[in-house]
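Below, each chain spelled out in residue letters.
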Amino acid sequence: LAEKSSNEVAQSITAITLILTPFSLSFPMHKVFGLSSAAQVVLGRGVFGQQLSVNLAFGIGVTLGIHAAGGISGAHLNAAITITHCILGNLPWIKLPAYLIGQFLGSFMAAATVFGFYYDALYDYSNGNFTVMGPNATASIFSTYPAPYVSMLGGFFSEFTATVMLMLGILVIHDEKNNAALKGTQALLTGMVVLGIGLGMGMNTGYAINPSRDLPPRIFTAIAGWGTDVFTAGNHWWWVPVTAPILGSLAGALIYKLFVDFHNQPVPESGNEKGQPVMQSS
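Going by what an unreviewed UniProt entry lists, the chain is known as AQP3 protein and is assigned to Geococcyx californianus. We quote the UniProt Sequence similarities (unreviewed entry) comment for the chain here in full: "Belongs to the MIP/aquaporin (TC 1.A.8) family." On record in UniProt, under Subcellular location (unreviewed entry), the comment for the chain is "Membrane".

A. Highlighting the nonpolar core. Residues Leu-122, Phe-142, Leu-166 and Trp-226 are the most contacted members of the largest nonpolar core, which totals 41 residues. Elements supplying a minimum of two residues to this core: helix H1 (2–43), helix H2 (51–73), helix H4 (96–117), helix H5 (119–126), helix H6 (152–174), helix H7 (186–201), helix H8 (211–226) and helix H9 (229–236). Beyond its immediate sequence surroundings of up to four residues, Phe-142 is in contact with Lys-31, Leu-35, Ala-111, Val-114, Phe-115, Leu-122, Arg-213, Pro-217, Thr-221 and Trp-226. Ile-83, Cys-86, Leu-96 and Tyr-99 belong to the second-largest nonpolar core, a separate cluster that totals five residues.

B. A look at the packing of aromatic side chains. Per the counting criterion, the structure on display carries 14 aromatic pairs. Ring geometry for Tyr-119 and Phe-130: centres 6.5 Å apart, planes at 90 degrees, overall edge-to-face. Here Tyr-119 is found in helix H5, whereas its partner Phe-130 is found in the loop between H5 and H6, with 11 residues between them in sequence. One aromatic cluster in this structure is built from Phe-108, Phe-115, Tyr-119, Tyr-123, Phe-130, Phe-142, Phe-220 and Trp-226. Sitting over the ring of Tyr-145, Arg-218 keeps its end group 4.7 Å from the ring centre.

C. Inspection of the side chain of Ser-249 at higher detail. By secondary structure assignment, the location of Ser-249 is in helix H10 (residues 240–259). Since its relative accessible area comes to 0%, Ser-249 is described here as buried. Sequence-distant contacts of Ser-249, that is, excluding residues within four places in its chain, are made with Ala-80, Ile-81, Thr-84, Thr-163 and Met-167.

D. Structural view of unusual backbone geometry. Of note, Arg-45 is a non-glycine position whose phi angle comes to about 50 degrees, a positive value. Looking at where Arg-45 falls in the secondary structure, it is placed in the loop between H1 and H2. One non-glycine residue, Asn-235, adopts positive backbone phi at about 60 degrees. Within the fold, Asn-235 resides in helix H9.

E. Up close: the environment of Phe-231. With respect to the element layout, Phe-231 can be found in helix H9. Residues contacting Phe-231, with those up to four places away along its chain left out, are Leu-215, Arg-218, Ile-219, Ala-222, His-236, Trp-237 and Trp-238.

F. Looking closely at the UniProt feature "transmembrane region" (unreviewed entry) in the chain. Here the UniProt-annotated "transmembrane region" (unreviewed entry) positions come out as residues 98–119, 149–173, 185–209 and 236–256. Across residues 98–119, helical content stands at 95% and strand content at 0%; the span's end C-alpha atoms are separated by 31 Å. Regarding residues 236–256, the helix share stands at 86% and the strand share at 0%, and the terminal C-alpha atoms are separated by 32 Å.

G. Representation of the pattern of salt bridges within the structure. If you walk through the whole model with that rule in mind, you get three salt bridges. The partner of Asp-261 in a salt bridge is Lys-177, with the nearest N and O atoms 3.1 Å apart. With Asp-261 in the segment after H10 and Lys-177 in the loop between H6 and H7, this residue pair connects regions lying 84 residues apart in the sequence. On the accessibility criterion, Lys-177 (28% relative accessible area) is partly exposed. Ionic pairing is found between Asp-261 and Lys-257, a salt bridge with its closest N-O pair at 3.1 Å.

Parameters and conventions
- Residues numbered from 1 in each chain as written.
- Predicted model: local features only at pLDDT ≥ 70, side-chain atom pairs only at ≥ 80, totals over all residues.
- Heavy atoms only, no water.
- UniProt positions renumbered as here; feature names shortened; annotations may be inferred.
- Core = buried A, V, L, I, M, F, W, Y, C linked by side-chain atoms within 4.5 Å.
- Buried < 20%, exposed > 50% of the residue type's maximum accessible area, 1.4 Å probe, protein only.
- Helix = DSSP H or I, 4+ residues; strand = E, 2+ residues; numbered from the N terminus.
- Contact = heavy atoms within 4.5 Å.
- Phe/Tyr/Trp six-rings, centres within 6.5 Å; stacked < 30°, edge-to-face > 60°.
- Lys NZ or Arg CZ within 6 Å of the ring centre and 35° of its normal.
- Salt bridge = Lys/Arg side-chain N within 4 Å of Asp/Glu carboxyl O.

Spelled out as structure tokens, the structure:
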């Protein structure tokens, strides 16, 4: 019995390690690209890139993160989408803590990596005074903050809507009953969805669209010298990038179910369309 118990513990530890390891590797990869690009744009005062640079870097990071973690975990890089899959019954709830820990740990590590990489530039840019708001603010390198003109409701709606679009894009890409993307292109197309969101929906709030992309770096900045202002800035904005993406992800899944999935049937193997024969060509 003791041997059996030891085997079960070993198997549990191995399973947790298999889940956490890809996250610990893929999430820093995913985030380091995006955060370092943001740092270069801000600290370089626009000389070493523009907003497009940040959007491209996050899209590339997502693509590589999916390739790194897709085979083992299904590339769960977004806490909002992971929670949505648990609610929909696509992912066992027992796996949720390990997935979230891996996501948050990886994101925190990415913020620490970029902070260390650009510490000298950060210090030179701000004269050692790390601030959240103002002309030399640098906290937005790591987490999202609303634009000065954005209300709390408007910012919440922005994050909610952007995450709806993210979830719809992911479902479209992976839906085998519909016109799914070709095998091997899903990671690239998902990265392009993130790029598209950044290009068209990033001005108001910086498009967090992921609690595990925003909260761990915010905690890191609070520890690393920016202080509690990272939580009070923007009328206590910090909770919006945590809650709005979760609700947006759920809404996106519901919209897809109601307007696409419920009306779709699997394509028969004997036809390339419903009721149509296969026309093969060599």
